[in-house]
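# Tertiary structure, described
Chain residues, written in single-letter form:
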Amino acid sequence: MTDEILPAIAGEILAGEAALSAAGRDWGNLIHARPGLVVRPASVTDVAVVLRFAAARGLPVAARGAGHSPYGQGQVEGGIVLDMTALPPRRVVTGDLVSVDAGARWREVLETTLPYGLTPPVLTDYLDLTVAGTLVVGGIGGATHHHGTQTDCVVELEVVTGTGEVLTCSRDTDRELFDAVLGGLGQCGVITRATLRLIPAPARARRWKLYYDSLPAFLADQRAVVGDGRFDYVEGQLIPVDGGWRYMLEAVAYYSPADGPDEAALLDSLEFGESEDEDTTYFDFLNRMADGEAALRAEGDWFRPHVWLNVFLTDGAVEEVVAETLAATGEAELGATGLILLYPVRNDRLKTPLLRVPPGEFSWLFSPLRTGSPDDPLHNARLIELNVDLHRRARGLGGKVYPSNTLPMTAEDWREHFGPAWPKLADAKARYAPGNLLNPGQRLMVG
Ligand SMILES: Cc1cc2nc3c(=O)[nH]c(=O)nc-3n(C[C@H](O)[C@H](O)[C@H](O)COP(=O)(O)OP(=O)(O)OC[C@H]3O[C@@H](n4cnc5c(N)ncnc54)[C@H](O)[C@@H]3O)c2cc1C
């Protein structure tokens, strides 16, 4: 494929080695699918021209955000990669809404809204993911137990369908497309613009790290604080110590200087042992991964293979599955820079039809985030097998994937995952992006 055959566009068309090999890499560093072209669109029209051109010729296209997918989800062998971060910034706050180009990073969204004293209600742990990149998977974080996922905070989307039609959709207009795009793994269209709901931004964040030696006590306290909503943010980590495990409940109260958090009330009746706390600005709390990222980049560990798994467990299965996973996890299985997250969310806050979670009051996000080896493919293959086994086990007990994983999913796995939501997604995909040409790295085929 050469750039001559693409119609003229305002943006750039790249076919050089550097661009093609960069588009064939992602955070996982395990899949390397080399596209035929990379397009850096300068406008929505460019996106539409490329998609129309590709649809007419049966060429696959992948939209790429920040490229932080773990297993080739944003790659396409021989096709066209649309680098969505190239869209010119168009970021406007109006009342309690912000409208942004879909390739904006969440950091850039915050930089736009914080001067107005406003913030998106839910942010991911890492701010350098793009808006569209997280909206196609859900966008979960420590505030999800209050506000749902990032997809629950979307008011309107501009989408270019797989056939190159530019459409605007919302809960009131073209609801079918809206519901098929949010959490829809980029199968029906390319998001070019999103309008997001905002809430008042607090000035400061008080963060407690509460340590437990007992898994049941840790789970009970997480359940309690997520159930009564006393903190603004709750997550948790499982930390290897001396051949065993320690459990860290991470809880944050946001506040403005006039009304500091009531520590005694917040920590009341919790059964932790040791604790630490720190007080930072709201932004510094949200940006807490920045120092760690710089250190991992400096050491080269940021670029290692990442064999990440995110599954939702049922409340009934969480203790059993976590305990048995931890018993089988040592440094070889986790990697020196790997980590494991575990926290519950309230199902009644989740409104996005395509975000599938187990039934019950809570779903537990369980995320063994394994780091692989840059020069031992067999070791990495073993780690992927561990993910496959854990996914099978979780699924057998009513669990679901949170869909950003180093996990070989088949079309059948996806059909089962989406369950009753599948027919609508399959219909929307066949209507808006026929031929399975859009974002094929998700391996979600219909027809
Ligand atoms: C360090 C780190 C921390 C993370 N923390 C969290 C977290 O706290 N919470 C959470 O929910 N997730 C988290 N994730 C996972 C992350 O949300 C997903 O991997 C996300 O899809 C990555 O976004 P991206 O911008 O890098 O997109 P990419 O990897 O570039 O793309 C992801 C998928 O979206 C598609 N896509 C990209 N842009 C568009 C578009 N404009 N229109 C349609 N489809 C598009 C791609 O084709 C691909 O299928 C984390 C990932 C990393 C690496």
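Residues numbered from 1 in each chain as written. Predicted model: local features only at pLDDT ≥ 70, side-chain atom pairs only at ≥ 80, totals over all residues. Heavy atoms only, no water.

As recorded in an unreviewed UniProt entry, the chain goes by Dehydrogenase and comes from Amycolatopsis thailandensis. UniProt's Cofactor (unreviewed entry) comment on the chain is quoted here verbatim: "FAD". Regarding the chain, the relevant UniProt record gives this comment under Sequence similarities (unreviewed entry): "Belongs to the oxygen-dependent FAD-linked oxidoreductase family." (UniProt positions renumbered as here; feature names shortened; annotations may be inferred.)

### Details of the domain arrangement of the chain
For the chain, the assigned domains read domain 1 (3–84), domain 2 (92–200) and domain 3 (204–401). The straight-line distance from the C-alpha centre of domain 2 to that of domain 3 is 24 Å. The interface is formed by 29 residues belonging to domain 2 together with 29 residues belonging to domain 3. Here domain 2 and domain 3 share an interface that buries about 2,200 Å² over both sides, 59% of which is from carbon and sulfur atoms. Taken together, the links from domain 2 to domain 3 amount to one salt bridge. A salt bridge links D125 to R288; the shortest N-O distance between them is 3.3 Å. Only α3 (106–113), α5 (144–147) and α6 (175–181) provide two or more residues apiece to the side of domain 2 that touches domain 3. At four residues, the largest contribution of residues to the side of domain 2 that touches domain 3 is made by α5. (Domains from an automatic or database assignment. Contact = heavy atoms within 4.5 Å. Buried area = accessible area lost by both parts, 1.4 Å probe. Salt bridge = Lys/Arg side-chain N within 4 Å of Asp/Glu carboxyl O. Helix = DSSP H or I, 4+ residues; strand = E, 2+ residues; numbered from the N terminus.)

### Let's talk about the packing of aromatic side chains
With the rule as written, the count across this model stands at twelve aromatic pairs. For the cation-ring pair, R246 lies above Y211, with the distance from its terminal atom to the ring centre recorded as 4.3 Å. The residue whose ring lies beneath R288 is F285, and the NZ or CZ to ring-centre distance is 4.3 Å. (Phe/Tyr/Trp six-rings, centres within 6.5 Å; stacked < 30°, edge-to-face > 60°. Lys NZ or Arg CZ within 6 Å of the ring centre and 35° of its normal.)

### A look at the site of the ligand
Taken together, 33 residues are adjacent to the ligand, and A63, G65, S69, T130 and Y402 come closest. Here an oxygen atom of the ligand sits 2.6 Å away from a polar atom, N or O, in the main chain of G65. At 2.6 Å from an oxygen atom of the ligand is found a side-chain nitrogen or oxygen belonging to Y402. A total of 970 Å² of accessible area belongs to the ligand in isolation, and the protein chains cover 96% of it. Among the residues making up the shell around the ligand, the classes are represented as 15 nonpolar, 16 polar and two charged. Viewed by domain, the shell around the ligand spans two of them, domain 1 (3–84) and domain 2 (92–200), each represented by three or more residues. (Near = heavy atom within 4 Å. Polar contact = N/O pair within 3.5 Å; in protein donor to acceptor, adjacent residues only side chain to side chain. Areas by Shrake-Rupley, 256 points an atom, 1.4 Å probe, with all protein chains shown as cover. Nonpolar A, V, L, I, M, F, W, Y, C, P; charged D, E, K, R; others polar.)

### Some remarks on the side chain of D413
Within the secondary structure, D413 is located in helix α14 (residues 411–418). Residues within four places of D413 in sequence aside, it is in contact with R395 and P408.

### Describing the sheet that holds strand β10 (residues 189–197)
Pairing is antiparallel across the open sheet formed by five strands, whose spatial order is β5-β6-β10-β8-β9. Since the sheet does not close on itself, it has two edges, and those belong to β5 (92–94) and β9 (166–170), each with one partner. This sheet shows a mean twist of 20 degrees between the axes of neighbouring strands, independent of strand direction. Of the pairings in the sheet, the one linking strand β8 (residues 154–161) to β10 comprises seven bridges and is antiparallel in character. Bridge pairing links E158 to R193 in β10. Strands β8, β9 and β10 of the sheet are contacted by helix α2 (residues 44–57), whose axis makes an angle of about 45 degrees with β8. (Pairing = 2+ DSSP bridges. Axes fitted to C-alpha atoms, helices over the stretch in contact; angles between N-to-C directions.)

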